[in-house]
Amino acid sequence: MLSPRYLSVIIAFVIAGVATAFISFLPHSDSTTLFVAFISVLIFGSILIYFALDNLVFKEVNVLYDQIKQIKKKNFPLISRKQLVQKENPIELLKSELAAYVTTTEDEVKELKKAAVYRQEFLADVSHELKTPIFAAQGFVHTLLDNPEEAPEIRQKFLEKAAKSLDGLDALVKDLLTVSQIETGAIKIEKKRINLRPMVDEIFEQLEGKAKKRGVKLILNCSDEVIDVKADAQKIEQVLVNLVDNGIKYGNQDGKVTVFIEDRKKSYLISIKDNGPGISEKHLPRIFERFYRIDKSRTKLSGGTGLGLSIVKHIVQAHGSKIQVESKVDKGTSFSFKLEKAL
C-alpha cells in the first residue's frame, strides 16, 4: 500500500496536470505561466492532500489496524451501510465499534480464564470426592481378602463399612449426573399444579427422625391451607428436602428450622430459615458452587455429597426463579425462592 506522502504527490500531480490543461486554453497563457501554475498546484496540492490523508484517513486506519491485531477471531457484527452514510466520519464509527468489540472480547477472555480455573478446581474436587469412598471400600475389602480366617463379626463390620462407602459413592455419582443433566437440559421440568402444604408436611415426616436426634423443631409458617403453584413436584420436593435437611445438619443443636410461605400476588415466596451459626459473608458468593465446603471437617461428619445446593440452584433456575441466601454469623441462615401461582 502507498504511503500518504507518495499518494498525495500522485493525486496532486494529476490535479496539477488537469488544472494546467484548463489554463492552457485561456488567452495570453504562455509556457512560463503554465509552468508556474503546474508547480504551484503540485506543491500546495501535495501538502494539503498529505495532511488531509494523514490526519483523516491513515492515522485512523492505523489505529484500527492496531486494534485488529489484538483480535484473533474477527466475528464482530457488520455495520450497516445506512449507518456509514449517516455518520459524518465513517472511520470514526468503525473505530468506536471496533473498540467496543475489543472491550467485549477482553471481558470474554477473562470469563474463559475464570471458567478454566473453575474447571481445574472442579476436576480436582471430583477426583478427591471419588477417591475417598473408593479407597475406603478398597481398604476394607482387601483387609478381608488378606485375612480370610478373620472372625465373622469383624468380617461383618468391615463389609458394612465397605457398603457404606460404596453407598456414598453411589449417591455422589447420582448427584453429579443430576447436576449435569439439569445443566445440559437433559432433564425436563414438567410444571403442573401442586399444593405445597401437604408436600412440606410429608418432608417434615420424612426428616423427623433426623431432626429428633439433634433436638431440632420443624415448623411450617403459612396462613393458607391450599398453596397451589405451577412446578415440577419431584424437583421442588428435592429442593425442599435439601434445604430443610441442611438446616437440621448445620443448624444449632436443639434449634429450629422454619419453612415460611408468603403470598406475593402472582407468586409464593418460600423461605427456609434456621437459627444456626450462620455463614460468614466471604463464603456466601460461593456456597452454590459444586463441592464448595465452608467447613470441610464438619461437612464430612454430617455426610452429604457437596452437591446439594448446586442442585437446588439449578432446579430453581429451571423454574424461572432465583435462589437467594441471607445469613449472619450466630443469627442463622435463610434460603428463599419464588414459585408462580397456579391460577
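Quick caveat, the model's predicted, so the values are computed rather than measured. Starting afresh in each chain, residues are numbered from 1 along the sequence in its written order. Owing to the predicted nature of the model, reporting of local features is limited to residues with pLDDT of at least 70; listing and counting of side-chain atom pairs is limited to 80 or more, with chain, interface and lining totals taken over all residues. Hydrogen atoms and water are omitted, and side-chain values are computed over all heavy atoms in the structure.

A. Broad picture of the nonpolar core. Leu-196, Leu-240, Leu-243, Ile-261, Ile-270, Ile-272 and Phe-337 are the most contacted members of the largest nonpolar core, which has 46 residues in total. Breaking this core down by element, the ones donating at least two residues are α5 (152-184), α6 (196-206), β3 (228-231), α8 (233-250), β4 (256-264), β5 (267-274), α10 (308-318) and β7 (332-340). Labels follow the DSSP assignment, with helices taken as runs of H or I lasting at least four residues and strands as runs of E lasting at least two, numbered in each case from the N terminus. Here this core takes seven residues from α8, the largest share from any one element. Throughout, a contact is declared for two residues whenever any of their heavy atoms are within 4.5 Å. Those residues within four positions of Leu-240 in sequence are excluded, and the remaining contacts are Met-199, Val-200, Ile-203, Ile-270, Ile-272 and Phe-337. We define a nonpolar core as any set of buried Ala, Val, Leu, Ile, Met, Phe, Trp, Tyr and Cys residues linked to one another through side-chain atoms lying within 4.5 Å. Each residue is assigned to one of three classes by its accessible area relative to the maximum for its type, calculated with a 1.4 Å probe on protein chains only: buried under 20%, partly exposed between the two thresholds, exposed over 50%. Counting five residues, the second-largest nonpolar core is a separate cluster that includes Ala-12, Ala-16, Phe-38 and Ile-49.

B. Highlighting the packing of aromatic side chains. For Phe, Tyr and Trp, where Trp contributes only its six-membered ring, two rings pair if their centres lie within 6.5 Å, and the inter-plane angle classes them as stacked under 30 degrees, edge-to-face over 60, or tilted in between. Counted according to the given criterion, the structure contains three aromatic pairs. Geometrically, the ring pair formed by Phe-13 and Phe-38 is edge-to-face, given 5.4 Å between the ring centres and 90° between the ring planes. Residue Phe-13 is found in helix α1 (residues 4-24), and its partner Phe-38 is found in helix α2 (residues 31-68); the two are separated by 25 residues along the sequence. Taking 6.1 Å as the distance between ring centres and 80° as the angle between the ring planes, the aromatic pair formed by Phe-288 and Phe-335 counts as edge-to-face. Taken together, the residues Phe-288 in the loop between β5 and α9 (296-302) and Phe-335 in strand β7 connect sequence positions 47 residues apart. Residue classification places Phe-288 among the buried positions, given a relative accessible area of 12%.

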